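Each chain, written out:
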Amino acid sequence: MTNSYDTGRLNLPFVGISTFGKRPYVEDWDKLDADVAILGAPFDAGTQWRSGARFGPRAVREASTLFSFGHGGAYDHEDDATYLPNTVGIVDMGDADIIHTDTVGSHRNIETGVRAALAAGALPVTIGGDHSINIPCIRAFDGQGDIHVLQIDAHLDFVDERHGVRHGHGNPMRRAAEQDYVTGLTQVGIRNVSSTAREGYEDARAMGSDILSVRQARAMGPRAVIEHIPEGARVYITIDIDAFCPSIAPGTGTPSHGGFLYYDVLEMLQEVARRNDIVGIDLVEVAPDYDPTSSTAILAAQVLMNLLGFIFHARGM
């Protein structure tokens, strides 16, 4: 009996170079030609407690080799669908150049990478790094039309300024809300003691945020949560791995118990991919040294692969 592997190498996950999903590496960003462009943003100088997310892109890439589906895509028997067939072009851009101690310069280089992906007509997918890398990712959408931000996270990240810091990992959603092309935010999973004070929550709601905790999201169900996003909105998705319970994702700098489990998030992502046009993605705060099992990085890679599958399946690819 023949199968899709008969047309190429077996290429097992532990063989070869660890690009994302073992997809082609494109070093020259002027020559990008793909549906999806993966960018690493190994920057963690924005952290307020445990660092280590600078190693997130490398760990997620390594984990993603488990999901390098060969030549025929990945069949899901529950959905009776084959996701990410070879008709979906995915390339790995490598990493933005990070300048140690220089937040402004490092963020500028990340923004350049996202802009290169957008200029090529590719869906930019940025792997952090701490959550401050969302700031240059969102800035890169200047001139791209209106977007709505879906944040899946334990923390609101809506601090305006603290001791002069405006571009750390507690600030990105505030910086996003300030952009005139960001029409609103849906912030899901917010719980426990947050890095954002009460006035930050008040500011967030006044600036167009819809804030839902894990318990509220579970009571509503994934479809009702995603219905909080305006119909027809172009959506940018930012996923902080600490949105998940540290029982399944301990490898992060600021773990928060009581978080989502895998299918909680998966079903929200499947629904938003079905309902809205997804224009950009980042996944942040994987700090692999805190998880010797590598399950956090594997979770991150699987979530990204599934999300990309949902997006392009909805587009008929």
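Throughout what follows, the structure given in this document is the object of discussion. In this text the structure is predicted, and so the values were computed from the model without any measurement. (Residues numbered from 1 in each chain as written. Predicted model: local features only at pLDDT ≥ 70, side-chain atom pairs only at ≥ 80, totals over all residues. Heavy atoms only, no water.)

**Here we look at the sheet that holds strand 5 (residues 123–128)**
In space, the 8 strands of this open sheet follow the order 4-1-5-10-9-6-7-8, with parallel pairing throughout. Strand pairing shows two members of the sheet lacking a second neighbour, strand 4 (90–95) and strand 8 (209–212), which therefore form its edges. When the angles between neighbouring strand axes are averaged without regard to direction, this sheet yields 15°. In this sheet, strand 9 (residues 234–240) lies alongside strand 6 (residues 147–152) in parallel orientation, the contact comprising 5 bridges. Residue pairing across strands places Leu 150 opposite Ile 237, the latter belonging to strand 9. Running over the sheet, helix 5 (residues 198–206) touches strand 7 (182–188) and strand 8 and is turned about 125° from strand 8. (Pairing = 2+ DSSP bridges. Helix = DSSP H or I, 4+ residues; strand = E, 2+ residues; numbered from the N terminus. Axes fitted to C-alpha atoms, helices over the stretch in contact; angles between N-to-C directions. Contact = heavy atoms within 4.5 Å.)

**A closer look at the nonpolar core**
The tendency in soluble globular proteins is for nonpolar side chains to be buried side by side. Core analysis: the largest hydrophobic core is formed by 56 residues, its most contacted members being Leu 150, Ile 237, Phe 260, Ile 281 and Leu 308. The residues touching Ile 281, leaving out its near neighbours within four places in the chain, are Leu 123, Pro 124, Val 125, Thr 126, Tyr 236, Ile 237, Leu 304, Leu 307, Leu 308 and Ile 311. Formed by 38 residues, the second largest nonpolar core is a distinct cluster that contains Phe 43, Ala 116, Ile 147 and Ala 177. (Core = buried A, V, L, I, M, F, W, Y, C linked by side-chain atoms within 4.5 Å. Buried < 20%, exposed > 50% of the residue type's maximum accessible area, 1.4 Å probe, protein only.)

**Structural notes on the environment of Thr 101**
Along the chain, Thr 101 falls in the loop between strand 4 and helix 2 (103–119). A residue is classified by how much of its surface remains accessible, and Thr 101, at 75% relative accessible area, is exposed. In this structure, the C-alpha to C-alpha distance between Thr 101 and Gly 46, residues 55 residues apart in sequence, is 10.0 Å.

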